[in-house]
Amino acid sequence: MIRRAAALFLAALLPLLAATGQARAAGYRYWSFWEQDGTAWTYATQGPSLLRPADGAVQGFRFSVSEDSADAAEPRGTADFATICAGTPARDGAKRVALVIDFGTRADAPSGETPPAARTACARVAPDATTSEALASVAEPLRYDTNALLCAIDGYPRKGCGEQMAADEQEQKQEQEQRSEPADGGPSVGLVAGVAVVAVLAAAALWQVRRRA
């Protein structure tokens, strides 16, 4: 019976261990590109050098560490077109594109660099301009690699482009994120639920052992 209790305990514990392993999966440090749909952000399906946004569009960029587009952090803030472009009047022969530029957190920053504060800008550009052209008009210098991947906005970061983080860097990032959480935030709901499941199953298994002893 003790073996059965131990087996039940391990069965409940394994998913938690797997989740911990997933949290340490490979991460890449890069600028992600987003489009605002109403009040929500959606990951752009075209690159900024190809997309030609319409007048009134809101586009976002976020620097962070993530595994892929499904894991990427979206730009923070809820500013809309009317707010961002309030001080930039419309003009014939031009379009206005609202841009949200989020330089990310200190945990996402390359070693030795501090992310600037997030900001917004209203780009007034030619009607056929791409997002990259709109961005260049308000946030130079931009830096690209040989494959046209956007590496830096407004000079940040100073170097690097889409590099993979080392395992020790990812552990440090996770520790920094945990320390930056509000004091009253407590552990995540998933972790609490997982621990509760383990505790319940362990107690049930122990009760069975005592009952049949």
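Novice: Would you explain the overall build of the protein chain in this entry?
Specialist: Helix and strand content of the protein chain: five helices and seven strands. Starting at the N terminus, the α and β elements of the protein chain follow one another as α-β-β-β-α-β-β-α-β-β-α-α. The proportion of buried residues among the 213 residues of the protein chain is 33%. When the accessible surface of the protein chain is summed, it comes to about 12600 Å², and 55% of that surface belongs to carbon and sulfur atoms.

Novice: Got a minute to help me understand the environment of C122 in this structure?
Specialist: Position of C122 relative to the elements: it lies in strand 5 (residues 119-125). Judged by relative accessible area, which is 14%, C122 ranks as buried. In this structure, the C-alpha to C-alpha distance between C122 and L99, residues 23 residues apart in sequence, is 6.1 Å. In contact with C122, not counting residues within four places along its chain, are I84, C85, T88, R96, V97 and V138.

Novice: Explain the confidence of the model for the protein chain here, please?
Specialist: One rule of thumb: low pLDDT means the predicted coordinates there are not for detailed reading. For the protein chain, mean pLDDT is 80; residues scoring 70 or higher make up 66% of the total. Counting contacts from residues 5-10, a segment whose pLDDT is below 50, to residues more than four positions away or on other chains yields six contacts. Long-range and interchain partners of residues 188-202, a stretch whose pLDDT sits below 50, account for 11 contacts in this model, where long-range means more than four residues apart.

Novice: Looking at this model, I keep getting lost on the pairing of strand 2 (residues 40-43). Mind explaining?
Specialist: The side chains of a regular strand alternate, residue by residue, between the two faces of the sheet. Sheet analysis places strand 1 (residues 28-37) next to strand 2, joined by four bridges and oriented antiparallel. Note that in strand 2 the partner of W34 across the bridge is Y43. Hairpin geometry of strand 1 and strand 2 is characterised by an intervening segment of two residues between the two adjacent antiparallel strands and by a positive phi of about 75 degrees at G38.

Novice: I'm lost on the packing of aromatic side chains in this one. Help?
Specialist: Think of a pair of aromatic rings as described by two things: how far the centres are apart, and how the planes are tilted against each other in angle. With the rule as written, the count across this model stands at six aromatic pairs. A centroid spacing of 4.9 Å and a plane angle of 20 degrees characterise the contact between F33 and F61, whose relative ring orientation is stacked. With F33 in strand 1 and F61 in strand 3 (residues 58-66), this residue pair connects regions lying 28 residues apart in the sequence. Taken as a pair, F33 and F61 share a single burial class, namely buried. Put simply, the rings of W31, F63, F103 and Y156 touch in pairs and so form one group of aromatic residues.

Each value, and the rule that gives it
- Residues numbered from 1 in each chain as written.
- Predicted model: local features only at pLDDT ≥ 70, side-chain atom pairs only at ≥ 80, totals over all residues.
- Heavy atoms only, no water.
- Helix = DSSP H or I, 4+ residues; strand = E, 2+ residues; numbered from the N terminus.
- Buried < 20%, exposed > 50% of the residue type's maximum accessible area, 1.4 Å probe, protein only.
- Areas by Shrake-Rupley, 256 points an atom, 1.4 Å probe, with all protein chains shown as cover.
- Contact = heavy atoms within 4.5 Å.
- pLDDT = per-residue confidence, 0-100.
- Pairing = 2+ DSSP bridges.
- Phe/Tyr/Trp six-rings, centres within 6.5 Å; stacked < 30°, edge-to-face > 60°.

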